[in-house]
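Commentary on secondary and tertiary structure
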Amino acid sequence: MKELLSKIKSTYYRIRYCALNRKIYFGRNLKIYGRLEIKGKGSVRIGDNCSITGMQGERDETVTLYTHSKHAVIVIGTNAMLCGTKIGCMHEIEIGNDVLIEEASILDTDFHSVERDRSSVLNEKRDHCKVRIGNGVAIGAKSIVMKGVIIGENAMVGPGSIVCRSLPPGCIALGNPAKIISKLNSSS
Amino acid sequence: MKRNKVMLLSQSLKRVIRLFRKSLSNPILACQSSAALARGTFYILYYKLTRRSVKIKYPFYAYYSVTIRGPGTVRIGRNCHVYPNLREGLRILTTSKESQVLIGNNCALGGAKIRCSGTVIIQDDVMTANVLIQDSWFFRCADDQKGNIVFVRVRPIFIGRNSWLSLRSCVLGGSVIKADSVVAAGAVTWEYEGKDYSLLSGNPVELSIPIERMKKLLK
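Residues numbered from 1 in each chain as written. Chains lettered and ligands numbered in written order. Predicted model: local features only at pLDDT ≥ 70, side-chain atom pairs only at ≥ 80, totals over all residues. Heavy atoms only, no water.

All names here are of chain B. Look at the link from Tyr58 to Pro59: it is a cis peptide, with omega at -5°. With respect to the secondary-structure elements, Pro59 resides in the loop between strand S1 (54–56) and strand S2 (60–62). Put simply, Asn203 and Pro204 share a cis peptide bond, and its omega is -5°. Unusually for a residue other than glycine, Tyr197 sits at a positive phi of about 50°. (Helix = DSSP H or I, 4+ residues; strand = E, 2+ residues; numbered from the N terminus.)

All right, on to the packing of aromatic side chains then. Applying the stated criterion across every chain, the model contains nine aromatic pairs over all chains. Both rings, one in Tyr46 of chain B and one in Tyr47 of chain B, keep their centres 5.1 Å apart while their planes meet at 70°; by these two values the pair is edge-to-face. Its relative accessible area of 5% is what places Tyr47 of chain B among the buried residues. A connected cluster of aromatic rings, assembled from ring pairs, spans Phe42, Tyr43, Tyr46 and Tyr47 of chain B. Cation over ring: Lys2 of chain A sits above Tyr33 of chain A, and NZ or CZ is 5.7 Å from the ring centre. (Phe/Tyr/Trp six-rings, centres within 6.5 Å; stacked < 30°, edge-to-face > 60°. Buried < 20%, exposed > 50% of the residue type's maximum accessible area, 1.4 Å probe, protein only. Lys NZ or Arg CZ within 6 Å of the ring centre and 35° of its normal.)

Let's shift gears to the sheet that holds strand S20 (residues 179–183) of chain A. The strands that make up a sheet are held in pairs by hydrogen bonds between backbone atoms, and each pair lies either parallel or antiparallel. Residue and element names in this part refer to chain A. With respect to topology, eight strands assemble into an open sheet ordered S2-S5-S8-S11-S14-S17-S19-S20, the strand pairing being mixed. Only two strands of the sheet have a single neighbouring strand rather than two, namely strand S2 (31–32) and S20. Strand direction decides the pairing type here: strand S14 (residues 138–139) and strand S17 (residues 156–157), joined by two bridges, are parallel. Across the sheet, residue Ile139 finds its bridge partner in S17, namely Val157. (Pairing = 2+ DSSP bridges.)

Turning our eyes to something else, we now look at the nonpolar core. One finds Leu65 and Ile151 of chain A to be the most contacted residues of the largest nonpolar core, which totals 41 residues. Not counting residues within four places of it along the chain, the set of residues in contact with Leu65 of chain A comprises Leu36, Glu37, Ile38, Lys39, Val44, Ile46, Ile74, Ile76 and Ile87 of chain A. Among the nonpolar cores identified, the runner-up in size contains 37 residues, and Tyr43, Cys116, Leu165 and Ala187 of chain B belong to it. (Core = buried A, V, L, I, M, F, W, Y, C linked by side-chain atoms within 4.5 Å. Contact = heavy atoms within 4.5 Å.)

At the junction of the two partners, chain B supplies 30 residues and chain A supplies 32 residues. Carbon and sulfur atoms supply 62% of the area that chain B and chain A bury against each other, a total of about 2,500 Å² over both sides. Our count for the chain B to chain A interface comes out at two salt bridges. In this structure, the salt-bridge partner of Glu103 of chain A is Lys113 of chain B, at a minimum N-O distance of 3.7 Å. Counting across the chain B and chain A interface gives three residue pairs in polar contact (both at pLDDT 80 or more). Every element with two or more residues in the side of chain B that touches chain A is listed here: strand S3 (66–69), strand S6 (90–94), strand S9 (113–116) and strand S12 (132–134) of chain B. Residue classes in the side of chain B that touches chain A are distributed as 15 nonpolar, six polar and nine charged. (Buried area = accessible area lost by both parts, 1.4 Å probe. Salt bridge = Lys/Arg side-chain N within 4 Å of Asp/Glu carboxyl O. Polar contact = N/O pair within 3.5 Å; in protein donor to acceptor, adjacent residues only side chain to side chain. Nonpolar A, V, L, I, M, F, W, Y, C, P; charged D, E, K, R; others polar.)

Now the structure itself:
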């Protein structure tokens, strides 16, 4: 029953987003259990076997992928799992394979400048603001990933933490700002 | 025994009279609380009919929505209140049949998210704001491959009586919050054992300050 509903939902979203817009691409075998919302003029690419869910019993079960400019690019790899994730993209966000992201939000801009009129963003270069999340990363609930962060492979970010500096591969981080508690062994 | 029963009856009568007087002085509040009581009784009956593992005791005041999902056992004690907090009510999610959530009497559970795959014990008179109580790091892969790693495994949570969980705080697996203590706003506790009557703050929590000492400092 659940699988059938997800298939119906995924076909509905495929028609709604991919039919008219060439910039949006969904891979094969996409499972959607919650809701998906894509806005903006940028390009979005979701790989094969991804699953998009929301936390059960939550009022807000949507996964939002917002692109705020023409050149914005969101790339999600294969076998990724997004549960109620919020993504806002101005430049480029790249998410690897086998990733688990729970209710976290990922941003690659500040949206406004620090000037008094708060008009437009100053001095933001594409290379500095790029967010890259490696393969096999897990990010906990209520956490935030800021601009210019590169998270290495198989790293883990605990719930409630705020990541504003890049993390090396295979580390475990928690807190505000996220500090490395320990490292995973290469054997396990 | 008989005398005890008479005492109880007289006490309940007195309470009813007091409530009646209060309702006369403030009729809107009385309407709200009676509606909450009706909604609470509806939830009790609904979960009695649909889920056997969930048991809520009477009276239960629901000022906002209560959602309980999953096969685990959930017990809620007498005279609990669910207030709206940031437009969110009480949400309990369990993964397996062994997981259990035990909540005591006289609790005020506004906007609490409880995600449980082991055991979560909440004692009497606990007050919560919009908090996340989760006994593993990643809820979705608690039984999965990453669950075997030390940092992610499921650990029980204990919240002592008369403690207060403040806004946007997280209580993660292995944390023990003892009686009368306060968790500050935005704090994240993980594998931490506090002391009695102390303030836990920071992300992650590293020290607990006794509140009596804090009072002296403020003076």
